[in-house]
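Fold and contact review
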Amino acid sequence: MKRRALILGSVGHSTALWLKFCALIVASCFARASDGITLEAVLQTTLEKNPAIQEAKSGLEQAAGQRLVFRSVVWPRAEVGVPAGIQGGHRAGESGIKGFALGRGALAQTLFNAGVPSSLRRGDIEVLIAQQQLNVAIVEQLHAARLAFYTALYTRSLESVREEQRRRLRENVATQKNRYEAGLVNRGAFASATVQASELDPQIESTHRWYLDAQLKLAEAMGIDPAAKASLPEPEGELQLVPMQVDLDSETAAALRRRADLKLARLFVRAANEDQRIIEADYYPAVVGSISGDYVPVTGIHREGSTSRTQDFISSEIREKAAYTWRVIDNGKVGGAALRARAAREINELTCRKLEANIGRELSRIANDLKITEVRERSLATASAVAEESAQVVQQNVASGLASPLEYRDTQNAFLETRSGLLNAIYQHNLAVAEWDRATGRYFQFSDDTAQNVH
């Protein structure tokens, strides 16, 4: 079975890796660290070990078997039997009990069945459905792993910022304690500094729990059992913002062509249409040809129900015939089944049209999020730089008694808020990039070359 990889990553920057699956990662989004796991390694491991993807791969084998079932309608059916037993009774000139054994064979072939073409197409569609279900599973699991990776990087950076902020506040506590012991400030300044430093403790603890949760989700996507592994995966790098320029019209048209879930919805419509045709084939006659024969090694054996020797087996024989059946009155059995199949096809068509109509709105929303986060990041980067400079000046003034504890508290809170907001803006932009890749179909796909044979 042929496989092909499409793009995964930012627009205009992609690399194809031909392996069992082909992965393409945006490497420019991360700065390498000395230790940890990269996004590329995370996605590769997810492809190889994720349970949902492995289950979808098994579904391909099931679909291949189901395809054989649909195709069996055109194949000849052969039967071979060896009846044996003991025959008793008396006729004129006969006496005693006889043993016997016969060789019997039959071959039947469908000559005409209105459902044969639909059955053949339905078998091919079954395999294509399983392929696209695997594509959908790959997209979902890679996307989940990617989001967990981004979340882990974000929460780790946020925890680091808050830890640094707490370190500064604790330094201020030590400074105010020394000034209080020297009689330069009252006890209120020392108590205020202590309270301010302790306020960050629950925030840091909450951020650390969030980071551990992201690590667990990352391990789950990668197929790693946390109980069997000493440590959870540690993501490598830091989140960075890479501006994107998107062409909404061309990307919408491309997404309509390559989205795996949309291809799957279209295949469900085709499958329901073929199911309806297979059911409606019972309205038409079916013609079957057959050849049967008996090999008789011993003569004098009576046929079942025979009343004279002329009706008994006297030699081997071959019989051929052709027969047809035509259901004239079905009392609604075929008609009712056809109506149910038609309703299922119409539901699938509505679902497919709904997905197609939603793609444009979804891409427009994500493109807007990309622009908003880029503008927000630039604004917060400037504000963060100003807040950091102001916090450093006030910290120096507090140490020398030129600024009040309230001023120090305000500037430190402003710096923490702007720095946290900057990290959040970068994080939200990376999430939007991942959503853009998912919505435009830039994850792995099977080759649909076989689909041309069933149009």
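Residues numbered from 1 in each chain as written. Predicted model: local features only at pLDDT ≥ 70, side-chain atom pairs only at ≥ 80, totals over all residues. Heavy atoms only, no water.

What follows deals with the overall build of the protein chain. Regarding its fold elements, the protein chain presents nine helices and eight strands. With 455 residues in all, the protein chain has 40% of them scored as buried. Restricting to contacts in the protein chain with at least 6 residues of sequence separation, those with at least 24 account for 81%. As displayed, the protein chain offers around 24,600 Å² of accessible surface, 55% of which is attributable to carbon and sulfur atoms. (Helix = DSSP H or I, 4+ residues; strand = E, 2+ residues; numbered from the N terminus. Buried < 20%, exposed > 50% of the residue type's maximum accessible area, 1.4 Å probe, protein only. Contact = heavy atoms within 4.5 Å. Areas by Shrake-Rupley, 256 points an atom, 1.4 Å probe, with all protein chains shown as cover.)

Position of Ile129 relative to the elements: it lies in helix α3 (residues 116-181). The exposure class of Ile129 is buried, given its relative accessible area of 6%. Considering only alpha carbons, one finds Ile129 and Leu60, 69 residues apart in sequence, at a separation of 8.8 Å. Among residues more than four places away in sequence, those in contact with Ile129 are Leu264, Leu267, Phe268 and Ala271.

Scanning the model with the defined rule gives two aromatic pairs in all. Between the aromatic rings of Tyr154 and Trp210, the centroid separation amounts to 5.6 Å while the plane-to-plane angle is 85°, which identifies the pairing as edge-to-face. Pair noted here: Tyr154 is in helix α3 and Trp210 is in helix α5 (residues 200-221), with a separation of 56 residues, a long-range link. Assessed through its relative accessible area of 36%, Trp210 is described here as partly exposed. (Phe/Tyr/Trp six-rings, centres within 6.5 Å; stacked < 30°, edge-to-face > 60°.)

Before going further, it helps to examine the sheet that holds strand β7 (residues 317-325). Strand pairs in the sheet, formed through backbone hydrogen bonds, run parallel or antiparallel to each other. What the four strands build is an open sheet, ordered β2-β5-β6-β7; its pairing is antiparallel. Of all the strands in the sheet, the pair left with one neighbour each is β2 (77-81) and β7. The mean inter-strand angle of the sheet, taken between neighbouring strand axes irrespective of direction, is 15°. (Pairing = 2+ DSSP bridges. Axes fitted to C-alpha atoms, helices over the stretch in contact; angles between N-to-C directions.)

The end-to-end C-alpha distance of helix α7 (residues 260-280) is 30 Å, a good match for the 30 Å that 21 residues give at a rise of 1.5 Å each. All of the buried residues along α7 are Ala260, Leu262, Lys263, Leu264, Ala265, Leu267, Val269, Ala271, Ala272, Glu274 and Gln276. (Expected span 1.5 Å × (residues − 1).)

In this structure the tally under the stated criterion is 20 salt bridges. Arg67 is the salt-bridge partner of Asp124, the closest N and O atoms lying 2.6 Å from each other. A residue pair is termed long-range when its members are at least 10 positions apart, and Asp124 in helix α3 and Arg67 in helix α2 (residues 51-71) qualify at 57 residues. Take Asp124: its relative accessible area is 14%, and that puts it in the buried class. In this structure Arg67 comes out as partly exposed when scored by relative accessible area, which is 31%. As a salt-bridge pair, Arg122 and Glu126 come within 2.6 Å of each other at their nearest N and O atoms. With a gap of four residues between them, Arg122 and Glu126 both fall in helix α3, about one helical turn apart. When sorted by exposure, Arg122 lands in the same class as Glu126, which is buried. (Salt bridge = Lys/Arg side-chain N within 4 Å of Asp/Glu carboxyl O.)

As a packed pair, helix α1 (residues 39-49) and α2 sit with axes 6 Å apart at the nearest point and diverge in direction by 45°. Comparing the axis directions of α1 and α2 gives the class oblique. Seen from α1, the contacting residues are Thr46, Leu47, Glu48 and Lys49; seen from α2, they are Pro51, Ile53, Gln54 and Lys57. Residue composition of the contact of α1 with α2, grouped by class: three nonpolar, two polar and three charged. (Parallel < 35°, antiparallel > 145°, perpendicular 65-115°, else oblique. Nonpolar A, V, L, I, M, F, W, Y, C, P; charged D, E, K, R; others polar.)

In this section: a nonpolar patch on the surface. Together, Leu111, Phe112, Tyr283 and Tyr284 line one region of the surface with nonpolar side chains, adding up to about 450 Å² of accessible area. With respect to the helices and strands, the residue Leu111 is situated in strand β5 (residues 103-112). The class of Leu111 is exposed, set by a relative accessible area of 55%. (Patch = residues over 30% accessible without salt bridge, like charges linked within 9 Å, V, L, I, M, F, W, Y side chains within 5 Å.)

It is at 6 Å that the axes of helix α6 (residues 248-258) and α7 come closest, and there the two elements cross at 50°. By the angle between their axes, α6 is oblique relative to α7. Within the contact between the two elements, α6 uses Ala255, Leu256, Arg257 and Arg258 and α7 uses Ala260, Leu262, Lys263 and Arg266. Partitioning the contact of α6 with α7 into residue classes produces four nonpolar, no polar and four charged.

So, on to the nonpolar core. Counting 44 residues, the largest nonpolar core has Val42, Phe149, Tyr150 and Leu239 as the members making the most contacts within it. Elements with a minimum of two residues in this core: α1, α2, α3, α5, α8 (333-399) and α9 (405-439). The element contributing the most residues to this core is α3, with 15 residues. In terms of nonpolar packing, the next biggest core, distinct from the first, is built from 15 residues, Ile359, Ile366, Ala432 and Trp436 among them. (Core = buried A, V, L, I, M, F, W, Y, C linked by side-chain atoms within 4.5 Å.)

Scored by pLDDT, the protein chain has a mean of 80; 78% of the residues are at 70 or more. Taking the mean pLDDT of every element in the protein chain, the minimum, 37, falls on strand β1 (residues 3-4) and the maximum, 93, on α7. Counting contacts from residues 1-34, a segment whose pLDDT is below 50, to residues more than four positions away or on other chains yields 95 contacts. Low pLDDT, under 50, characterises residues 447-455; the predicted model gives this stretch 16 contacts beyond four residues in sequence or across chains. (pLDDT = per-residue confidence, 0-100.)

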